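Chains, contacts and geometry: an overview
For reference, the chains in residue letters:
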Amino acid sequence: MRKEVKGTVVEKLSDYLAQYPHFYLADIEALDAVKTAELRAVCNKENVKLVVVKNTLMRKALAESETDFAELYGALKGNTCVMFTQNANAPARIIKEFAKANKELGKPALKAAYAQESIYLGPENLEALVSIKSKEELVAEVVALLQSPAKNLISALQGAGQTIHGVLKTLEER
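I will try to describe carefully the structure that is included in this document. (Residues numbered from 1 in each chain as written. Predicted model: local features only at pLDDT ≥ 70, side-chain atom pairs only at ≥ 80, totals over all residues. Heavy atoms only, no water.)

**Quick notes on the nonpolar core**
By size, the foremost hydrophobic cluster in this structure holds 24 residues, and its most contacted members are Y24, L39, M83 and L129. Listing elements by their share of this core, those giving two or more residues are strand 1 (22-27), helix 2 (33-45), strand 3 (80-85), helix 4 (90-101), strand 4 (109-115) and helix 5 (126-130). Examining the composition of this core, we find that 5 residues originate from one element, helix 4, more than from any other. Counting 21 residues, the second-largest nonpolar core is a separate cluster that includes L17, V53, L57 and L72. (Core = buried A, V, L, I, M, F, W, Y, C linked by side-chain atoms within 4.5 Å. Buried < 20%, exposed > 50% of the residue type's maximum accessible area, 1.4 Å probe, protein only. Helix = DSSP H or I, 4+ residues; strand = E, 2+ residues; numbered from the N terminus.)

**Some points on the pattern of salt bridges**
Applying the stated criterion to the full structure yields 4 salt bridges. Residues E46 and R93 are paired through a salt bridge, measuring 3.3 Å at the closest nitrogen-oxygen approach. Of this pair, E46 sits in the loop between helix 2 and strand 2 (49-53) while R93 sits in helix 4, placing them 47 residues apart in sequence. When the shortest N-O distance is used, the salt bridge between K96 and E127 registers 3.1 Å. Taken together, the residues K96 in helix 4 and E127 in helix 5 connect sequence positions 31 residues apart. (Salt bridge = Lys/Arg side-chain N within 4 Å of Asp/Glu carboxyl O.)

In structure tokens:
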């Protein structure tokens, strides 16, 4: 690869790092072209950008970033793909489901991830990453929690109102 092309690739990866708040490094070495195309299709459906990278070029892009990604350098070995996303747990779900469907290959496998401003190293963190909630899910939970006391109060008042109304109706009929 020529030096100009490498510079362009590093620049594009740096743009992706700036554009997407979360990314995953995964091993897809055992996947053939058909399986890789299937994985890309699943990623596209989930709005995840999948890019197969050279480890040295990804290391350069990470080094140029404002964030310190030095912990991730150890994961940049072997065949690596990067999954860029706006939703922190989407790539984790994709990796888990795709690996489950392709048990004989055991791939894709999580190498590392940068999600919710934290670094996760190794495949043992996949379950933790799957359970991360998105910003929208957290906002929905907070709104539900805030609405709960108001709903309880309204139902209590309505129930008391029905009881008083029943007593008054009974007294009126006597």
